[in-house]
Each structure stands twice: as C-alpha cells, then as structure tokens.
Amino acid sequence: MIIVIMQQFDLRDYIKLKRTRMGFKLNKFAIENEIDQSILSRLENKKFDLKYPVLEKIARGFSMSPGEFLLEYENFVKEMGNTSGK
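A brief look at the structure comes next. Owing to the predicted nature of the structure, the values given are computational and were not obtained by experimental measurement.

### Topic: the nonpolar core
Reasoning step 1: Of all hydrophobic cores here, the largest spans 19 residues; its most connected members are Ile15, Ile35, Leu40, Ile58 and Phe69.
Reasoning step 2: Mapped by element, the contributors of at least two residues to this core are α2 (11-21), α3 (26-32), α4 (37-44), α5 (52-61) and α6 (66-84).
Reasoning step 3: For Leu40, the residues in contact, after removing those within four places along its chain, are Ile15, Leu26, Phe29, Ala30, Ile35 and Ile58.

Shown next as structure tokens:
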C-alpha cells in the first residue's frame, strides 16, 4: 500500500507541500537557501530529479538535516497510508 502512495505522492510533492504550508514563496525559499529558482520549480513540477546537494539545501531551509527531512517524509507517507485505509 505504501509503495502505491509513494508513487502518487513522492518527495518532490512533499517539498512543495511543506514549503507552501510554511508560507514560503518559491522564489524567496530558493534565494534564501541558495537554490536556483528554476531548479526548485522544475523539481516541484517533477521535471527534475532531486540531487543530494539540493536536498541538503532544502532540508536546511526547513531547519532540518537531510536525514531528519527524509524521516519526516517517510512518516508522512506512512500516515497517509494509515488514513487512506480507514
């Protein structure tokens, strides 16, 4: 079940969701975290694969380590799986 959900809602979706929920505009988030705006836009629109250096900057933008960010995403996906079966 989780595999299907992860295919529908991947890490790039989660980045956009978290960024918008925290009130960050794409361009401001990109500038403040030294990410090329076009890369962040293409990433969130699934036209660019996430590379580790960008993941580090994104995680830092959320005041997290890459590991903490990935764990949070994993827990989010698990929670989605638990609520979709109810």
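### What about the side chain of Arg19?
Reasoning step 1: Here Arg19 lies in helix α2.
Reasoning step 2: Within the structure, Arg19 has its side chain in polar contact with the backbone oxygen of Phe24 (distance 2.8 Å).
Reasoning step 3: Leave out the neighbours within four places in its chain, and Arg19 touches Phe24, Lys25, Leu26, Phe29, Glu44 and Phe62.

Criteria and thresholds
Residues numbered from 1 in each chain as written. Predicted model: local features only at pLDDT ≥ 70, side-chain atom pairs only at ≥ 80, totals over all residues. Heavy atoms only, no water. Core = buried A, V, L, I, M, F, W, Y, C linked by side-chain atoms within 4.5 Å. Buried < 20%, exposed > 50% of the residue type's maximum accessible area, 1.4 Å probe, protein only. Helix = DSSP H or I, 4+ residues; strand = E, 2+ residues; numbered from the N terminus. Contact = heavy atoms within 4.5 Å. Polar contact = N/O pair within 3.5 Å; in protein donor to acceptor, adjacent residues only side chain to side chain.

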